[in-house]
Amino acid sequence: MTYHGTATLIVGEQQIEVTADLRAFGPRDNRQWDGTLHDVPTQLMHAIEKSDDLRLRLPDDQTRPIWPRDATHAFEEEFASLPISGDGLPPF
């Protein structure tokens, strides 16, 4: 099961529109999910890495907590891609 489309990255009080490539895996009754968020402003990467309140909301308003995975980004670039892991049932 996969999702590719728009999403909203929520970092504390900030909401940032991103493009999400997500996938679900594992048994149907215990699915896990992860993926990559694209078009994340690099100026927010430090806040993202330090935040304990990261969430992802899909267009149907399903919202789930997420955690950044080993992100690599170039600060000279305006936008970065952020690998994530999700919590709870996949929102797609």
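Above this text is the structure in question.
None of these values were measured; they are calculated from a predicted model. (Residues numbered from 1 in each chain as written. Predicted model: local features only at pLDDT ≥ 70, side-chain atom pairs only at ≥ 80, totals over all residues. Heavy atoms only, no water.)

Participant: Teacher, can you tell me more about the packing of aromatic side chains here?
Facilitator: Each aromatic ring pair is characterised by the separation of its centres together with the angle its planes make. Tallied over the entire structure, the rule returns two aromatic pairs. Between the aromatic rings of Tyr 3 and Phe 92, the centroid separation amounts to 6.3 Å while the plane-to-plane angle is 35°, which identifies the pairing as tilted. Taken together, the residues span a long stretch of sequence, with Tyr 3 in strand 1 (residues 2-11) and Phe 92 in the segment after strand 6 (79-86) at a distance of 89 residues. Judged by centre distance (6.4 Å) and plane angle (90°), the ring pair of Trp 33 and Phe 92 falls under edge-to-face. Placement of Trp 33 in strand 3 (residues 32-41) and of Phe 92 in the segment after strand 6 is noted, with a sequence separation of 59 residues between them. (Phe/Tyr/Trp six-rings, centres within 6.5 Å; stacked < 30°, edge-to-face > 60°. Helix = DSSP H or I, 4+ residues; strand = E, 2+ residues; numbered from the N terminus.)

Participant: Would you mind showing me how to read the sheet that holds strand 4 (residues 54-57) here?
Facilitator: Remark on secondary structure: sheet strands pair via backbone hydrogen bonds, oriented parallel or antiparallel. Strand order around the closed barrel formed by six strands is 1-2-3-6-5-4, with antiparallel pairing between neighbours. Between one strand and the next, the sheet's axes are offset by a mean angle of 40°, whatever the strand orientation. The pairing of strand 4 with strand 5 (residues 63-68) spans three bridges and is classified as antiparallel. In the strand pairing of strand 5, Arg 55 is matched with Pro 65. (Pairing = 2+ DSSP bridges. Axes fitted to C-alpha atoms, helices over the stretch in contact; angles between N-to-C directions.)

Participant: Any chance you could explain the environment of Gln 43 here in plain terms?
Facilitator: With respect to the helices and strands, the residue Gln 43 is situated in the loop between strand 3 and helix 1 (45-50). A relative accessible area of 72% places Gln 43 in the exposed class. For the pair Gln 43 and Glu 77, spaced 34 residues apart in the sequence, the C-alpha separation amounts to 9.5 Å. (Buried < 20%, exposed > 50% of the residue type's maximum accessible area, 1.4 Å probe, protein only.)

Participant: Help me understand the pattern of salt bridges in this model?
Facilitator: Should the charged atoms of two oppositely charged side chains come close, the side chains can pair. Evaluated as defined, the whole model comprises three salt bridges. Two residues, Arg 23 and Asp 34, come together in a salt bridge whose shortest N-O distance is 3.0 Å. Here Arg 23 is found in strand 2 (residues 14-25), whereas its partner Asp 34 is found in strand 3, with eleven residues between them in sequence. Across the pair Arg 69 and Asp 34 runs a salt bridge whose closest N-O atoms are separated by 3.4 Å. Taken together, the residues Arg 69 in the loop between strand 5 and strand 6 and Asp 34 in strand 3 connect sequence positions 35 residues apart. The exposure class assigned to Arg 69 is partly exposed, which follows from its relative accessible area of 34%. Judged by relative accessible area, which is 11%, Asp 34 ranks as buried. Each of the salt bridges in this network shares a partner with another, and the network as a whole consists of Arg 23, Asp 34 and Arg 69. (Salt bridge = Lys/Arg side-chain N within 4 Å of Asp/Glu carboxyl O.)

Participant: Looking at this structure, I do not really get the pairing of strand 6. What am I missing?
Facilitator: Working note: regular strand, side chains alternate between the two faces of the sheet. Pairing geometry for strand 3 and strand 6, over six bridges, is antiparallel. The partner of Pro 41 across the bridge, within strand 6, is Phe 79. The sheet contact formed by strand 5 and strand 6 spans three bridges and is antiparallel. Bridge pairing in strand 6 links Pro 68 to Ile 84.

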